[in-house]
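Coordinate analysis (summary)
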Amino acid sequence: MKKVATRFAPSPTGPLHIGGVRTALFNWLYSKNHNGKFFLRIEDTDKERSKEEFKLQILNSLKWIGVNHDGEEYIQSKNIESHIKIVNKLLENGNAYKCYCSSDEIEEQKLRAKQKKIPYIYNRKWRDKSETEAPQDIKPVIRFKSKIEGSTKINDLVQGDIKIENNTIEDFIILRRDGTPTYNLSAPVDDHIMGMTHIIRGDDHKINTFKQIQIYEALRWETPLFAHIPLIHTLEGKKLSKRDNASTIDDYEKIGIMPDALRNYLIRLGWSYKDKEIFSLEESIKYFNLEGIGKSPSKLDMSRILSMNEYYIKNKSNDDLFQSFEEYCKNFKENINNEKLNIIKKSLTFLKNKAKTMEDIYNNSKFIINDEIIIEKAEMSLLTENAKNIIKSFLKKVNEIEVFNKETLEPIINNLISENQTNFKGVGQPLRIILTGSKFGPGIYDIIISLGKKRVLDRLSKVG
RNA sequence: GGUCCCUUCGUCUAUCGGUUAGGACACAUGGUUUUCAUCCAUGAAAGAGGGGUUCGAUUCCCCUAGGGACCGCCA
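This report concerns the structure included in the present document. Nothing here was measured: the structure is a model prediction, and the numbers come from that model.

1. Concerning the sheet that holds strand β4 (residues 96-99)
Spatial ordering of the open sheet is given by β4-β5-β8, a layout of 3 strands whose pairing is antiparallel. On the outer flanks of this sheet lie β4 and β8 (173-175), each paired with one strand and no other. If you compare each strand with its neighbour and ignore which way they point, the axes differ by 45 degrees on average. Sheet topology places strand β5 (residues 141-144) next to β8; 2 bridges connect them, and they run antiparallel. Bridging from a neighbouring strand, Ile142 pairs with Leu175 of β8.

Listed below in structure tokens is the structure:
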């Protein structure tokens, strides 16, 4: 049996969204599962709209989530000449023909079909006409001579058998008036040249498949196997488009979603393996298969992404997490000096406790990062005279100890509680507000210990 | 309008004719906790509708409804 080879073939006409990333991931996983190869092909034949920045964005997105392709990326535009050769061959063999219809003529037919509410299909006017009848002033396009009789069935690895009447497939254009090949010609040609065994792509390509397999057959090439996966929908139930916000990798990266978490989320979106929810990278490769892919489209669920990310944050080692955090702050927040980074590193266990994203950890760390603590009105009003007095006694007592840890701090706080006939909140809340500016946050001992004596004294003494 | 596809809790899904229809996220309640969280426990929550086939259908078939994709000299 042939070694499995898959590919992901995005066009750089817009940023790659999360649905495309999932398609790439499925292709990659499938090839890895079969010990095969995975390739990347940039379909940049639309010169008008293809942009280098989009290509870079695509490359970065795939790299970020760990979908690495074998070999160099294949640039489709570099291969146009060989595509044209194939078109000529098709022409010579009688599988294609020149169509001299003007654009206006075609447009008019489409319009008329629309008015009559009948489906438009090219009328095959030039299919059997002889060249001698060709008008001199019109450059022809080349159309593929599509089958008219009978029906075609494909055995889709995800969708099962799909049958279609051949006469619903029109004589599609394979070479434009400007002499460049179209997608439905270039894609199968490249897939053949690249030796693809499995084409795994969005099910928006389903109908194209019936065009493309005719190309394979005309050329007597072996057809690859097809698997059309359902598209990801927005919460509104529509196809994810390039214009939907919060749908590119960059958007997730910006709020501090981690690659592993998104990979895990994406693999379980429209695919399942029993009841298993968490898949390590190795497990993803080990268990991924086409049978587990559902046939219905699934919706993107942000709360699920968040909770998956939370899981990965909690289950990563502190060292790894810290490394990711440092990187994240550098790229999306600010450069934090080493002294503060060290404090954060030591405090990660409690800083990550209530975090769903890297951004949450950053926000939780603000009392360490910021030198000036800003106390809002609402919190300020909780600092009563009584509370301030408690703080003053705390300041005095804490000034006398050198080592800050739970053993040294606990007696002080307990004393204050009984001296002032209050509860823990009576002492803890003002302390927390002054030290962090917030009513909420990590445990008060954690805060004090992580800040250290100097910072604690500084902040507390500022409160009159 | 034509062609093709889809339909289990709000969401992602399990079930490959016989289950009290299971899990996860989200949600609600309770408990632990020095606040918020975490954590733990509990709860509410689903087979679109109608016909068949069958001793028995969520599962197989048909119809209806709803949803989606495609219908470019874009990919």
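Structure shown, so let's carry the discussion forward.
2. A few points about the pairing of β5
Every second residue of β5 is oriented toward a common face, with Val141 and Arg143 on one face and Ile142 and Phe144 on the other, all of them buried. As judged from the 4 bridges shared by β4 and β5, these two strands associate in the antiparallel manner. The partner of Tyr97 across the bridge, within β5, is Arg143.

3. A short note on the sheet that holds strand β3 (residues 74-75)
The 3 strands lie next to each other as β1-β2-β3, forming an open sheet whose pairing is parallel. For this open sheet the edge positions go to β1 (5-8) and β3, each flanked by a neighbour on one side alone. Relative to strand β2 (residues 37-42), β1 runs parallel, the two sharing 4 bridges. Directly across from Arg7, in β2, lies its bridge partner Phe39. Sitting on the sheet, helix α1 (residues 18-33) is in contact with β1 and β2, with an inclination near 165 degrees to β1. Most of the contacts of helix α5 (residues 183-193) go to β2, to which it runs at about 145 degrees, and overall it touches β1, β2 and β3.

4. Focus on the packing of aromatic side chains
In total, this model carries 11 aromatic pairs according to the counting rule given. Taking the centre distance of 5.7 Å and the plane angle of 75 degrees together, the rings of Tyr311 and Tyr312 count as edge-to-face. When its relative accessible area of 36% is taken as the criterion, Tyr311 is described as partly exposed. What links up through ring pairs into an aromatic cluster is the set Phe26, Trp271, Tyr273, Phe279, Tyr287 and Phe288.

5. Side note on the protein's contact with RNA strand B
In the vicinity of RNA strand B, 57 residues are found, and the nearest of them are Arg176, Arg177, Lys238, Lys239 and Gly270. Expressed as a percentage, the sugar and phosphate content of the atoms of RNA strand B within 4 Å of the protein is 72%. Contacts to RNA strand B include Lys239, whose side-chain N or O atom sits 2.4 Å from a phosphate oxygen. Between RNA strand B and Pro442, the relevant distance is 3.2 Å, taken from a base oxygen to a main-chain nitrogen or oxygen of the residue. For the surface near RNA strand B, the secondary-structure elements that each account for two or more residues are α4 (103-115), β7 (160-165), α6 (206-218), β12 (298-299), α10 (302-315), α18 (424-436) and α19 (444-461). Broken down by element, the surface near RNA strand B gets its largest block of residues, 4 residues, from α10.

6. Some thoughts on the packing of α1 against helix α8 (residues 259-267)
Between α1 and α8, the least distance of the axes is 10 Å, while the angle of their chain directions is 80 degrees. Between α1 and α8, the interaxial angle falls into the category roughly perpendicular. Here Ile18, Val21, Arg22, Leu25, Phe26 and Leu29 of α1 lie close against α8, whose contacting residues are Leu262, Arg263, Leu266 and Ile267. Class assignment for the residues of the contact of α1 with α8 results in 8 nonpolar, no polar and 2 charged.

7. Topic: the environment of Gly150
Assignment of secondary structure puts Gly150 in the loop between β5 and β6 (151-156). Separated by 279 residues in the primary sequence, Gly150 and Gln429 place their C-alpha atoms 79 Å from one another. With residues near it in sequence (within four places) discarded, Gly150 still touches Glu165 and Asn166.

What counts as what
Every chain is numbered on its own, with residues counted from 1 as its sequence reads. Lettering for chains starts from A, numbering for ligands starts from 1, and both go in the order in which the items are written. Owing to the predicted nature of the model, reporting of local features is limited to residues with pLDDT of at least 70; listing and counting of side-chain atom pairs is limited to 80 or more, with chain, interface and lining totals taken over all residues. By convention in this description, side-chain values take in all heavy atoms of the structure and omit both hydrogens and water. Any two strands with at least two DSSP-identified bridges between them are counted as paired. Strands are runs of DSSP state E lasting at least two residues, helices are runs of H or I lasting at least four, and both sets are numbered from the N terminus onward. Note on geometry: axes are lines fitted to C-alpha atoms, helical ones only across the stretch in contact, with angles between N-to-C directions running from 0 to 180 degrees. Each residue is placed in one exposure class: buried if its accessible area under a 1.4 Å probe, protein chains only, is under 20% of its type's maximum, exposed if it is over 50%, and partly exposed if it falls in between. Whether two residues are in contact is decided by their heavy atoms, any of which lying within 4.5 Å being enough. Stacked, tilted and edge-to-face pairs are distinguished by plane angle, under 30 degrees for stacked and over 60 for edge-to-face with tilted covering the rest, among Phe, Tyr and Trp rings (Trp via its six-membered ring) whose centres lie within 6.5 Å. Residues are classed as near a molecule or strand on a simple rule: at least one heavy atom within 4 Å of it. As used in this structure description, the phrase polar contact means that two N or O atoms lie within 3.5 Å; if the pair is within protein, one of them must be able to donate a hydrogen and the other to accept it, and residues adjacent in sequence are counted only when both atoms belong to side chains. Angular relationships are summarised with four words: roughly parallel below 35 degrees, roughly antiparallel beyond 145, roughly perpendicular across 65 to 115, and oblique for the angles in between. Asp, Glu, Lys and Arg are counted as charged, while Ala, Val, Leu, Ile, Met, Phe, Trp, Tyr, Cys and Pro are counted as nonpolar; the rest, among them Gly, fall into the polar class.

In short, shape yes, function no, at least from these values alone.
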